[in-house]
Amino acid sequence: TLLEMIGDEAGAGEALRRLESFGFSNAHLIRPFPKMREMLADLQARGFKLAVWTGRDRATTEAIMDMHDLTGFFAKVVCGDDLDTHKPHPDGLLSILSSLSVSGEETLLAGDADVDVLGGDGACVRTLLIRHGRDPDAAILGKAWCVVDTPAEAYGVVRGLRGRA
C-alpha cells in the first residue's frame, strides 16, 4: 500500500495527492495498444461481458477511458479507490463477478502484473498474464492459466474462446 511505501502516515495524504496529480498530468501519455478498440468491439459483439479491474483511482481511470473513448465497452469498472481492499486481494474481482452475474469458472482475467495473477487465483478465476518481456517469479507463473508476451498474443488466446451470445 501507499502507506507502507511511504512509512509515514502524516506524509501519505500529500503523497497520494501528488500521485493523483501526476496521473492526471500524464494521462495523455497512455496509449491503447494497436487495434485495441477493434478487439474490444469484436469481443463485445461475440457476447463477452467486459470489465476493468484496476489499481488506478477512479478519477484517473475515467479520464483515461474518456480520452480514448473506451467507456462504452465495459459493463463494470472497479478502481483502486472503490473498495477498502486492493490488489491482490480479490474483492474487486469478486465484485465484478457478482455485478455481472458470472462465475469464476466462466471468467478470464487478462492482466499484466503479478497482483493480477494473485487476485485471479484468490477469486478462482483463470488469469492470462501478459509479461511485456519481464520474467515473473516461478510462483506467479505457476498460478497463471496462460502466459503471453504481448497484448496481441493475449487477444489471440481470447479469440479462441467462445462468447456467451
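Residues numbered from 1 in each chain as written. Predicted model: local features only at pLDDT ≥ 70, side-chain atom pairs only at ≥ 80, totals over all residues. Heavy atoms only, no water.

Novice: I'm lost on the sheet that holds strand E3 (residues 108-111) in this one. Help?
Specialist: Consider a sheet: its strands pair through backbone hydrogen bonds, and that pairing is either parallel or antiparallel. Sheet architecture is open: 3 strands sit in the order E3-E4-E5, paired in parallel fashion. Because the sheet does not close on itself, it has two edges, and the strands there are E3 and strand E5 (146-148). Geometrically, the sheet is characterised by an average inter-axis angle of 15 degrees between neighbouring strands, direction not taken into account. Of the strand pairs in this sheet, strand E4 (residues 126-130) and E5 are connected by 3 bridges, and their pairing is parallel. Paired with Leu 128 across the strands is Cys 146, a residue of E5. Contacts from helix H8 (residues 151-159) reach E3, E4 and E5, with the element oriented near 150 degrees to E4. (Pairing = 2+ DSSP bridges. Helix = DSSP H or I, 4+ residues; strand = E, 2+ residues; numbered from the N terminus. Axes fitted to C-alpha atoms, helices over the stretch in contact; angles between N-to-C directions. Contact = heavy atoms within 4.5 Å.)

Novice: It is not clear to me how the packing of aromatic side chains should be interpreted in this structure. Could you clarify?
Specialist: Working definition: an aromatic ring pair is given by the centre-to-centre distance plus the angle between the planes. By the definition in use, this model includes 0 aromatic pairs. Cation over ring: Lys 87 sits above Trp 53, and NZ or CZ is 4.9 Å from the ring centre. (Phe/Tyr/Trp six-rings, centres within 6.5 Å; stacked < 30°, edge-to-face > 60°. Lys NZ or Arg CZ within 6 Å of the ring centre and 35° of its normal.)

Novice: What am I meant to see in the side chain of Thr 61 here?
Specialist: Relative to the assigned elements, Thr 61 resides in helix H4 (residues 58-67). The class of Thr 61 is buried, set by a relative accessible area of 5%. Those residues in contact with Thr 61 that lie beyond four places of it in its chain are Thr 54, Arg 56, Val 77 and Cys 79. (Buried < 20%, exposed > 50% of the residue type's maximum accessible area, 1.4 Å probe, protein only.)

Novice: Is there a simple way to explain the side chain of Thr 107 in this structure?
Specialist: You can see Thr 107 is positioned in the loop between helix H5 (91-100) and E3. At 2.6 Å, the side chain of Thr 107 and the backbone oxygen of Ser 103 are in polar contact. Ignoring anything within four residues of it in the chain, the contact list for Thr 107 reads Leu 97, Val 102, Val 125 and Arg 126. (Polar contact = N/O pair within 3.5 Å; in protein donor to acceptor, adjacent residues only side chain to side chain.)

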